[in-house]
Every structure is written in C-alpha cells, then in structure tokens.
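Fold and geometry: a report
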Amino acid sequence: MEKIRTAIGLMSGTSMDGIDVALLRTDGADMVGRGPARGFAYDPAFRRRLQAALESAKAITRRDDRPGDLAALERELTLRHAEAVSAFLSENGLAAGDIDVVGFHGQTVLHRPDQRLTVQIGDGALLSRQTGIAVVYDMRANDMAHGGQGAPLIPVYHAALARNLAAVCAFPVVFVNIGGISNLTYVGPDGEIAAFDSGPGNTLIDQWVEVQAGIPFDQGGMIASEGRVLAALAARYLDHPFFAAPERRSLDRNDFSPPTGPDASLEDGARTLAHVTAAAILKSAGHLPQMPKTYIVCGGGRLNRVIMGDLEELAAAQGAQVMPAEAVDLNGDSMEAEAWAYLAVRSLDGLPLTFPGTTGVGTAITGGVLAVPD
Ligand SMILES: Nc1ncnc2c1ncn2[C@@H]1O[C@H](COP(=O)(O)OP(=O)(O)OP(=O)(O)O)[C@@H](O)[C@H]1O
Ligand SMILES: CC(=O)N[C@H]1[C@@H]2OC[C@@H](O2)[C@@H](O)[C@@H]1O[C@H](C)C(=O)O
C-alpha cells in the first residue's frame, strides 16, 4: 500500500483569473480525502500582465527562454502563489510542517504540442524556499518529451473520483472541465479512461465581453441569455478542422480567436459563443470509445446557465444526463487544484501521471520536478 500524504494543489489556469488552492489527503491511488479549498483572484492589472505575457511568450523557442517581462512575471507569479499558500494555511489552522508536498502548476504561457514545446512559468525552487514545503512542479514536460500532448493531466484524478461514483451515476461517465479551454475524461463501465481537450471553454466568451463591454466574464450567462445564436458565426468555430481531425491534440489558449466587433452584437456574440462551448463538447465526445450516459461538469463554465442549458439539451438528444460536480458531492471550482495535489503525490511515488489514452504518450509515464526547501 502507498503512503498517505497531505498535499496542497495550486492551479492558475488558462482563464488567468486567479489561483485555486486545495488540500488533499491521498495515497496517490484509490484513497482520496478532499479537504478545504479556496480561490485567490488576481487583480485586473495582474491579469492584464499575464495576458500580455502570452504575446511575449510567442518568441520562446526553448523552454527556459524568458523574453520581455517573463522572468519578472515568473517571480511575481511564484511569490503570489507563496502568499496564497501562507494565507490558506493560516485560514485553516495549519502550518507548513503539516503539508508533505505542494503540486504547483504555474501558468501556461505557450503550448505548442506540434513543436514539442510547452511552457508553464513558475519557479518551483523559489516556491519551496518561500513556503518551506517540498514542491513538485513542471508536470507536463516529461509527457511531452516522451511523445505525449503534455495535456490533459487531470484524467488520472478524475478516474480516481469515478471509482466512488458507481452507485450514483450511469456509466460511461464523462468529466467535463469547462475552464479557459474545455477537456473531457471518459471513464467506461470497466474503468477504461480516454481523455482529450474538447475545444474552447470560456476564453472566447471572456475575450468577447472584455473587448465589447469591459467586463471580465459573462456572470451566470446573463448577457448570453439576452441574445440569439448566429448560425454562421457558430459554424465558423464548429467547422474548425480540430473537431474532425483523426488525432486528438491539446489546445493552446490562442488556437481559437474571438469574433471581432462587426460580427455580432454583445448579446448575440455571447449567446453564440456559449453555444459553441456546449456544442464543441458534444462534437468532441463523438471521438470517445462510447457515447457517455452522464456528463459531470466542473470548471467556471458550469456557472454559465446558457452553456449548461445548451449542454443539457444536446446531451439529452443523445440520451445522456448533465450534472454539475456538486450534484455528486464534488467541488467544481477546486477539482483542478485537487488534481495537482494528487499528481504531486503520484510524482513522489514514481507513479504514472499520463497514459496512452490521456495524452497519447507511448507508454504510461511519471513526471514532475521535485524542489525541496534548503
Ligand atoms: N459565475 C460565473 N458565471 C459564468 N462564468 C463564470 C463564473 N465564474 C467563473 N466563470 C468563468 O469561468 C472561468 C474560470 O474558470 P476556471 O477557473 O475553471 O478556468 P481555468 O482553471 O483558468 O482554466 P483551464 O481549466 O482551462 O486551465 C472564468 O474566466 C469565467 O469565464
Ligand atoms: C497546456 C495547458 O495548460 N492546458 C490546460 C488547458 O486548460 C484546460 C485544458 O487546456 C487542459 O488540457 C489543461 O489543463 C488541465 C487542467 C489538464 O491538464 O488536465
């Protein structure tokens, strides 16, 4: 039996809206005890710096290049993560010595699987020094070095959660993460896993409402609920070769561009992009081994009622049910952070993080780099 550890996971996702922190007690295998979780939002100025960093990152040709502001930003991002850990520990009456390991995702600034290049800024050694806790970071690189897509990494955690769901939902089950980009993890009745990125999540909607109305996201889908789906605009996204390609590939935030002003009114644009998010999930689900019976939705997109309404309607047409993670007693906001805690524990034990069915890597493989405090 593997050792049970207490781990903290830290996720700064492609939406660049903040740091999710979650505590987990786990053996990195079947035992998963979920603890407290919390999000620490970035202020608008820091979010803008992260957005700008995606432009500077386009000049990266080697993983350790840090053009422009990127080196300074990496340091600041890391220090913000250290502050989040410190606040999280004190809010929960914990000390650094209570935590065995931190799983640190960092911030993806460039992801080009076709060029075998994936860059997450985040200094694991600095985070370990600042927190006084061992840190496992850079968990995507080894997968990509061995021929994988470098993403998604969350499926092994979804599979562990699914082992407790047999009594409460019909299999095959699919976990849908609607973050900046969306991704799916299929768990078959026999435990088989298949996973891949499924299309744009909230990024296009966020970019659209930011440019058109100066707001960071469409809360609850309120703007979208006032609009109508523009079929030609939706088709422009849903006819993208990504959906029909025989091979699944992981996505960069910039793989899909938002519409421009003349394409739609604020409301119709938001409505159409919400539909695109839902329809992309169903389209990509067509590449799964079997059509799912249950979709469990996590990530910020589950809070957009228009995305959820379209998803429910499209899934119902195929005999499947859609439910937010909370309906099965999971936490849709902290699941990725929990996964990074779980992955860190697996990394310490040399267990695989990725599999041929999740990232397309040739053989199940571990990953991550360990930094220990001085
Ligand atoms: N109340 C809400 N109503 C509608 N949308 C919301 C709400 N709260 C969050 N979101 C959307 O969810 C996004 C954040 O989702 P999440 O934190 O799951 O993404 P992420 O982890 O950054 O991305 P990824 O999973 O791609 O790495 C926000 O940018 C916003 O678009
Ligand atoms: C390169 C990168 O950061 N990819 C993210 C992104 O956000 C969602 C989707 O695209 C997924 O592939 C991945 O994150 C999740 C958490 C993962 O690796 O499982």
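Description of the structure in this document. Each chain carries its own residue numbering, running from 1 in the direction its sequence is written. Here chains are named by letter from A upward and ligands by number from 1 upward, in the order in which they appear as written. The predicted origin of the model limits local features to residues at a pLDDT of at least 70 and limits the giving and counting of side-chain atom pairs to 80 or more, whereas totals for whole chains, interfaces and linings rest on all residues. Side-chain metrics rest on all non-hydrogen atoms present in the structure, leaving aside hydrogens and water.

The next thing to look at is unusual backbone geometry. Leave glycine aside and you will find that most residues have negative phi; peptide bonds, for their part, are mostly trans. Note that the residue after A151, namely P152, is joined by a cis bond; omega there is -10°. Each helix is a run of H or I in the DSSP string that is no shorter than four residues. Each strand is a run of E no shorter than two, and both are numbered from the N terminus. Following the sequence through the fold, P152 ends up in the loop between α4 (141-145) and α5 (155-162). The omega torsion across F171 and P172 is 0°, close enough to zero to call that bond cis. Residue placement: P172 occurs in the loop between α5 and β7 (173-178). In this structure, M16 takes a positive phi of about 60° despite not being glycine. Along the chain, M16 falls in the loop between β1 (5-12) and β2 (18-26). According to the relative accessible area criterion, M16 is buried, its value standing at 0%. Burial status follows relative accessibility: with a 1.4 Å probe on protein chains alone, a residue under 20% of its type maximum counts as buried, one over 50% as exposed, and anything between as partly exposed.

The next thing to look at is the packing of aromatic side chains. Only Phe, Tyr and Trp rings take part, Trp by its six-membered ring, and two of them pair if their centres are within 6.5 Å. Stacked means planes under 30 degrees apart, edge-to-face means over 60, and tilted covers everything else. Applying the stated criterion to the full structure yields five aromatic pairs. With a centroid separation of 5.2 Å and an interplanar angle of 55°, the aromatic rings of Y157 and Y342 are classed as tilted. Separated by 185 residues along the polypeptide, Y157 in helix α5 and Y342 in helix α11 (residues 335-348) bring together distant segments of the chain. The pair formed by Y157 and Y342 is uniform in burial state, with each residue classed as buried. Aromatic rings pair up to connect F242, F243 and F256 into one cluster. The aromatic ring of F40 is capped on one face by R38, whose charged end is 3.8 Å from the ring centroid. Over the face of the ring belonging to F196 we find R248, whose NZ or CZ atom lies 5.7 Å from the ring centre. Two conditions define a charge located above a ring, namely a distance within 6 Å from the ring centre to NZ of Lys or CZ of Arg, and an angle within 35 degrees of the ring normal.

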